[in-house]
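Here is how the chains run, residue by residue.
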Amino acid sequence: MSRVGKRIIIIPEKTKVNIEGTKVSVSGPMGSLSKEFSPLIAINLKGSELSTTRANELKHTKQLHGTTNSLLSGMVEGVSKGFKKEIEIKGVGYKSSLKGNQVIINAGYSHPVTLDIIEGVKIEIPKPVIINVSGPDKQAVGQMAALIRDVRRPSPYSGKGIMYKGEYIRRKEGKASAK
C-alpha cells in the first residue's frame, strides 16, 4: 500500500471538511477550497481524521491514491495555516510595485513587466526588492511565484535576477581571456 496514501490527515480545530460524493470542500480561517477527486479513491471522514482508500490494485489507482491524499493534506493545511513564498530581486535598478490587481516589475528591460495576480493569491511588497506571495491554495501560490520568477531568472554569471528566498544560485566563471 502507498505510504503517502495510507497517511491519516488530522483536521485542526476551526477547519471544516464536507464530502459530497467525489467532491471535497474544506473551509477554515484562511478561506475555503473545493476539489473534485477520482471515484476510484474513497475519502473517509471519522471525527477529526481524514483517510483515503483505493478501490483496486491497478497501477493507475495506486498512483491516484498517494496523489489524492497529498492534495487533501495540502487543502487542509492551506485553509488552516496558508502557504507563503518569499521572492528576492537582486540587481541594480531592479524593483517591484503593486498597482491595483497587478504586480509591476522593473527587471532591466526597456519596459516594466506587468503581471495579473491570480485569484485567491495575496501579494505583499514590504520592500521594492522583496515580494511575499501567500494564500490557501498551494498550487496557485506556487504558480504566481513561478510567474514572477520567470520575468528574469537568476543569472549564474552575475547572480542578478529574481529568485526565491534561500535559493542557492550556482555561480559560474566568465570567459577566460585569450593569451
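Presented here is an overview of the structure given in this document. Because the structure is predicted, anything quoted here is derived from the model rather than measured. (Residues numbered from 1 in each chain as written. Predicted model: local features only at pLDDT ≥ 70, side-chain atom pairs only at ≥ 80, totals over all residues. Heavy atoms only, no water.)

### Considering the layout of surface pockets
For step 1, the next point in the chain: The computed volume of the largest pocket comes to approximately 320 Å³.
For step 2, the next point in the chain: The wall of the largest pocket is formed by 15 residues, among which Leu-71, Gly-74, Met-75, Asp-137 and Lys-138 lie closest to the centre.
For step 3, the next point in the chain: For the lining of the largest pocket, the secondary-structure elements that each account for two or more residues are strand 4 (31-36), helix 1 (59-80) and helix 2 (138-149).
For step 4, the next point in the chain: The element that contributes the greatest number of residues to the lining of the largest pocket is helix 1, accounting for six residues.
For step 5, the next point in the chain: Among the residues forming the lining of the largest pocket, the class breakdown is five nonpolar, five polar and five charged. (1 Å grid on protein atoms, 1.4 Å probe; cavity = no way out; pocket = protein on both sides within 12 Å on 5 of 7 lines; lining within 4 Å. Points joined across faces, edges and corners; volume = space filled by probe spheres on them. Helix = DSSP H or I, 4+ residues; strand = E, 2+ residues; numbered from the N terminus. Nonpolar A, V, L, I, M, F, W, Y, C, P; charged D, E, K, R; others polar.)

### Digging into the sheet that holds strand 9 (residues 102-106)
For step 1, the next point in the chain: Overall, antiparallel pairing links the three strands, which are arranged 8-9-10 in an open sheet. Taken across any chain shown, the strands that pair with only one partner, and hence form the sheet edges, are strand 8 (95-99) and strand 10 (113-116). Across the sheet, the mean angle from the axis of one strand to that of its neighbour is 25°, orientation sign disregarded.
For step 2, the next point in the chain: Where strand 9 lies against strand 10, four bridges are found, and the strand directions are antiparallel. Note on strand 10: the bridge partner recorded for Gln-102 is Asp-116. (Pairing = 2+ DSSP bridges. Axes fitted to C-alpha atoms, helices over the stretch in contact; angles between N-to-C directions.)

### A closer look at the pairing of strand 11 (residues 122-127)
For step 1, the next point in the chain: Examined bridge by bridge, strand 11 and strand 12 (residues 130-135) share four bridges and lie antiparallel to one another. Bridged to Lys-127 within strand 12 is Ile-130.

### Here we look at the sheet that holds strand 2 (residues 16-20)
For step 1, the next point in the chain: The strand order across the open sheet built from three strands is 2-3-4, with neighbouring strands paired in antiparallel fashion. Either end of the sheet is taken by a strand with one partner, and the two such strands are strand 2 and strand 4. Taken over all neighbouring pairs, the strand axes of this sheet differ in orientation by 10° on average, direction set aside.
For step 2, the next point in the chain: By the bridge criterion, five bridges tie strand 2 to strand 3 (residues 23-28) in an arrangement that is antiparallel. Following the sheet pairing, Ile-19 is matched in strand 3 by Val-24.

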